[in-house]
Amino acid sequence: MVFHPPVAIVAKAGDAGKYKVGLPAWNMFLRGILSGAFIAMGAALATICSTGIQATDVAMRFGAASPGVSQLILGAVFPVGLIITIMTGAELFTGDAMLAPMAAFVHKVSWVSVLNLWVWVYIGNLVGSVLFAYIVAYGPYASFDATGAATLTAFGTRAIAIATAKTSYVGAAAIWSVFLKGIGCNWLVNLAVLLGICADDAIGKIVGIWFPIFAFVASGFEHSVANMYFIPAGIFCTGIDPTKAVDTLNWVTMWTNNIIPVTLGNIVGGLFFVGVLYWVAFRKEIAALK
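For every chain, the first residue of its written sequence is number 1, and the numbers climb from 1 along that sequence. Local features in this predicted model are restricted to residues of pLDDT 70 or higher, and side-chain atom pairs are both shown and tallied only at a pLDDT of 80 or more, whereas totals for entire chains, interfaces and linings draw on every residue. Excluded from the side-chain calculations are hydrogens and water; all other atoms, namely the structure's heavy atoms, are used.

Colleague: It is not clear to me how the overall build of the protein chain should be interpreted in this structure. Could you clarify?
Modeller: The secondary structure content of the protein chain amounts to 12 helices and two strands. Put simply, DSSP H or I for four residues or longer makes a helix, DSSP E for two residues or longer makes a strand, and each gets a number counted from the N terminus. Listed by position from the N terminus, the elements making up the protein chain come as α-α-α-α-α-α-α-β-β-α-α-α-α-α. Atoms considered for the radius of gyration are the C-alpha atoms alone. The globule rule reads 2.2 Å times the number of residues to the power 0.38. Whereas a compact globule of 290 residues would reach a radius of gyration of roughly 19 Å, the protein chain reaches 19 Å, a difference of no more than 12%. In terms of principal-axis extent, the alpha carbons of the protein chain reach across some 70 × 40 × 40 Å. Buried, partly exposed and exposed residues are distinguished by accessible area as a fraction of the type maximum, computed with a 1.4 Å probe on protein chains only: under 20%, between the cut-offs, and over 50%, respectively. Per-residue burial for the protein chain yields a buried fraction of 52% across its 290 residues. Residue contacts are counted whenever heavy atoms from the two residues lie within 4.5 Å of one another. Within the protein chain, contacts between residues at least 6 apart in sequence are counted, and of these 82% link residues at least 24 apart. Areas reported as accessible are Shrake-Rupley estimates using a 1.4 Å probe. Residue values count occlusion only from the protein chains shown. Just so you have it, the protein chain exposes about 12,400 Å², and 73% of that area is on carbon and sulfur atoms. A gap of 10 Å separates the mean positions of the 14 positive and 11 negative side-chain charges of the protein chain. Counting rule for charge: Lys and Arg are taken as positive, Asp and Glu as negative, and neither His nor the chain ends is counted. Taken as the charge centre is NZ of Lys, CZ of Arg, CG of Asp or CD of Glu, depending on the residue.

Colleague: Explain the layout of surface pockets here, please?
Modeller: Over the atoms rolls a probe the size of a water molecule, and its path tells where empty space is left. A volume near 460 Å³ is recorded for the largest pocket. The greatest single-element share of the lining of the largest pocket, amounting to five residues, is contributed by helix α8 (residues 154-166). Classification used: nonpolar for Ala, Val, Leu, Ile, Met, Phe, Trp, Tyr, Cys and Pro, charged for Asp, Glu, Lys and Arg, polar for all others including Gly. Tallied by class, residues from the lining of the largest pocket come to 14 nonpolar, eight polar and four charged. Cavities and pockets are defined on a 1 Å grid built over the protein atoms alone: a cavity is a set of grid points where a 1.4 Å probe fits but cannot escape, while a pocket is an open set with protein on both sides within 12 Å along at least five of seven lines, and lining residues are those with an atom within 4 Å of any such point. Grid points are joined across faces, edges and corners, and a volume is the space filled by probe spheres set on the points. By volume, the second largest pocket amounts to about 340 Å³. Lining the second largest pocket we find 18 residues, and of these Ala-16, Lys-20, Ile-86, Ala-90 and Leu-99 sit closest to its centre. Taken together, the elements giving at least two residues each to the lining of the second largest pocket come down to α1 (6-21), α5 (80-88), α6 (93-107) and α9 (172-198). Looking at the lining of the second largest pocket, its residues break down into nine nonpolar, four polar and five charged.

Colleague: Looking at this model, I keep getting lost on helix α10 (residues 202-219). Mind explaining?
Modeller: An α-helical turn contains 3.6 residues, so any two residues separated by three or four positions project in the same direction. What a helix is expected to span follows from its residue count: subtract one and scale by 1.5 Å. For α10, which comprises 18 residues, the first-to-last C-alpha distance of 26 Å matches the rise-based estimate of 26 Å (1.5 Å per residue) to within 8%. Where α10 starts, the residue carrying a side-chain oxygen 3.4 Å from the main-chain nitrogen of Ile-203 turns out to be Asp-201. Just downstream of α10, Gly-220 is the residue with a positive phi angle, here 85 degrees. Polar contacts here mean pairs of N or O atoms no more than 3.5 Å apart (in protein, one a potential hydrogen donor and the other a potential acceptor; neighbouring residues in sequence count only if both atoms are side-chain atoms).

In structure tokens:
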């Protein structure tokens, strides 16, 4: 395995950001759709694998109430989405929250071009995530009898529970909490991006990406693009079984109670806690590379 020193990683992050902001808008949007769907794939897998985990023999060994075991499973399988995104060249807003500003710092690209990338990729991520949420909700989360009547599987019920938890942030203190969870999430996500840049071979990239993503999911942090899947999946499932509808779970609270504050937290986590701090720490060494 070949690993690059920290200053080279930061410089390569700036190079990657410069390439990304130079893409045409339609390409940003298209790659954003792909990444939104890829992240949703990891989220769907995490939902299914964590369904009923507290009732298993393994969970019972840790006690009847063992949320940590469920989080362990969630974190273990969710990273597949970011691994696919990075290794196939798709565009993820949360990664671009660090990479695009790095380009502004290293290559002096305009902040207008940074915002342009963010907007198109964010919209693309939303489209891809919601599309895959619909596919999963009416696929493995639903069951149909001979008459065509639909009921939810255990996975669909789990999807509603996850979505309900994510839209339950009501009041200033709760919104501050979810904002902080957004910071913690994207701090780890962008460390995963840097570790992915660190290695040149596939195994090194996968290992480097997997550990920080595992940490953010298992720790209970909040990822805006993942939630563009988790919450719509729960909403679609309540459409299949209206008896499971919850007042706080709808298309409005999806934004006000979660995605808006999480997005802001993700920007701070990626832009400041990784982008700015690493640029300040290594800018003299980066200047010496030129």
